[in-house]
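Notes for the structure review
Okay, here's what each chain looks like letter by letter:
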Amino acid sequence: MSTENLPQSPEQSPEQPPRKPRVAVVFGGRSSEHGISVVTAGAVLAAIDRTKYDVLPIGITRDGRWALTADEPERMAITDRRTPDVDELAESTEGGVVLPVDPANREVVYSEPGSVPKALGEVDVVFPVLHGPYGEDGTLQGLLELSGVPYVGSGVLASAVGQDKEYMKAVFTSYGLKVGPYVVIRPREWEQDRSGARAKIVDFAGEHGWPLFVKPARAGSSIGITKVDDLAGLDEAIEEARRHDPKILVEAALRGREIECGVLEFEDGPRASVPAEIPPPSEHAYYDFEAKYIDSTPGIVPAPLTDEQTTEVRRLAVEAFDAASCEGLVRADFFLTEDDEFVINEINTMPGFTPISMYPQMWQATGVGYPELVDRLVQAALRRSTGLR
């Protein structure tokens with residue numbers, strides 16, 4: 001591949017104005033949410049202010065290669081019910097992008113076998129729009145901390161807590177936030193004693209009733225989740241969840257309305273958006289991946305709540321943000337039960353960020369449009385240093 005069209009390290013003479021901050025948008029990744037991450041990146045690339053920032057798109061392939069990709073947001077959309085892939089956007093099948101590992105040097109380098117490495121210039125901030133393991137779970141955040149490069153979103157601990165539903169619920173419980181009943185099946189339990197693990201779930205169902213939701217403990221976008229109505233479908237649901245994560249979570253069904261709320265970091269601290277309601281999808285058993293992204297089941301924004309309920313869920317969303325030590329952004333998901341009580345289901349530290357995703361829609365209804373939302377996140381990252389804070 002020729003390097004003549006690659007982004008060049010900016011040369012700056014004394015007469016030139018200060019260069020624009022360079023934002024590396026990193027997307028794709030090794031998780032089962034790869035395609036949705038690419039869609040999110042397309043939306044961010046289309047919205048980011050090019051008069052204010054230089055932009056460097058970097059895609060991570062499903063096998064973990066960091067690739068220089070085309071800056072063509074129109075190619076990063078769902079087409080014919082199919083999500084895009086980094087391999088389709090990569091400038092080369094072999095070339096790789098390397099981030100700096102020295103905090104004193106933020107120069108990004110591109111290399112191909114048999115070619116001299118090419119400097120792509122310094123990166124001032126990374127916008128990681130990765131979803132799921134190997135990106136949203138603290139792993140990429142740890143790499144960026146070691147590199148000394150600021151980044152959008154939560155740090156290592158909050159990202160890890162936000163990815164692992166077991167520990168997320170433990171943190172929320174310790175801070176007095178109410179969570180629904182659940183039970184965890186660890187890899188060793190299922191691999192060494194399936195009958196014992198199955199009995200554990202059956203006992204849980206006996207206490208809380210069917211149906212149950214069986215899900216990967218560390219996945220998102222409703223991938224790998226099965227609604228199980230009775231014992232007959234349990235093993236199949238467990239195997240489906242374990243295709244995405246060897247640790248699974250089994251939750252009791254909560255009767256109530258699904259309410260979501262966005263949290264965004266402003267200069268004076270986190271604020272909550274107006275909430276949204278996710279109505280039961282007419283063609284799906286629950287709000288699954290197909291309903292979210294393929295059929296685009298619309299949410300109701302703002303949610304039809306009383307003023308008191310709206311105030312309460314916004315307060316709880318910020319509480320959840322602070323409980324997990326989050327930064328930048330969070331989408332907090334709740335159930336409003338028949339007893340008029342909000343039960344937190346989970347948070348997403350890098351929620352779906354496409355224009356049809358609920359997080360941007362909630363902020364749009366609150367008065368913060370998509371381009372401003374992107375800008376605020378980048379600015380919040382630039383204000384923070386890496387390291388302990």
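These numbers come from a predicted model, not from an experiment.

Attention shifts here to the packing of helix H4 (residues 156-163) against helix H5 (residues 165-174). Following both chains from N to C, one finds H4 and H5 inclined at 105°, their axes separated by 5 Å at the closest point. As the angle between them shows, H4 and H5 are arranged roughly perpendicular. Touching Val161, Gly162 and Gln163 of H4 are Lys165, Tyr167, Met168 and Val171, all from H5. Along the lines of polarity and charge, the residues of the contact of H4 with H5 split into four nonpolar, two polar and one charged.

In this section: the sheet that holds strand E10 (residues 226-228). The strand order E8-E11-E9-E10 describes an open sheet built from four strands, whose pairing is antiparallel. Of all strands in the sheet, those with a lone pairing partner are strand E8 (182-185) and E10, marking the two edges. Adjacent strand axes in the sheet meet at a mean angle of 25° when their direction is disregarded. With three bridges connecting them, strand E9 (residues 212-216) and E10 associate as antiparallel partners.

Bringing the side chain of Thr354 into the picture now. If you trace the backbone, Thr354 turns up in the loop between strand E16 (342-348) and helix H11 (358-366). A distance of 2.7 Å separates the side chain of Thr354 from the side chain of Ser357, its partner in a polar contact. With near-sequence residues (within four places) excluded, Thr354 lies in contact with Val39, Thr40, Ala43, Pro360 and Tyr370.

Let us now look at the confidence of the model for the protein chain. Here the protein chain averages 90 in pLDDT, and 91% of its residues register 70 or above. Contacts for the low-pLDDT stretch residues 1-5, under 50 throughout, to residues beyond four places or in other chains number seven contacts.

Parameters at a glance
Residues numbered from 1 in each chain as written. Predicted model: local features only at pLDDT ≥ 70, side-chain atom pairs only at ≥ 80, totals over all residues. Heavy atoms only, no water. Axes fitted to C-alpha atoms, helices over the stretch in contact; angles between N-to-C directions. Helix = DSSP H or I, 4+ residues; strand = E, 2+ residues; numbered from the N terminus. Parallel < 35°, antiparallel > 145°, perpendicular 65-115°, else oblique. Contact = heavy atoms within 4.5 Å. Nonpolar A, V, L, I, M, F, W, Y, C, P; charged D, E, K, R; others polar. Pairing = 2+ DSSP bridges. Polar contact = N/O pair within 3.5 Å; in protein donor to acceptor, adjacent residues only side chain to side chain. pLDDT = per-residue confidence, 0-100.

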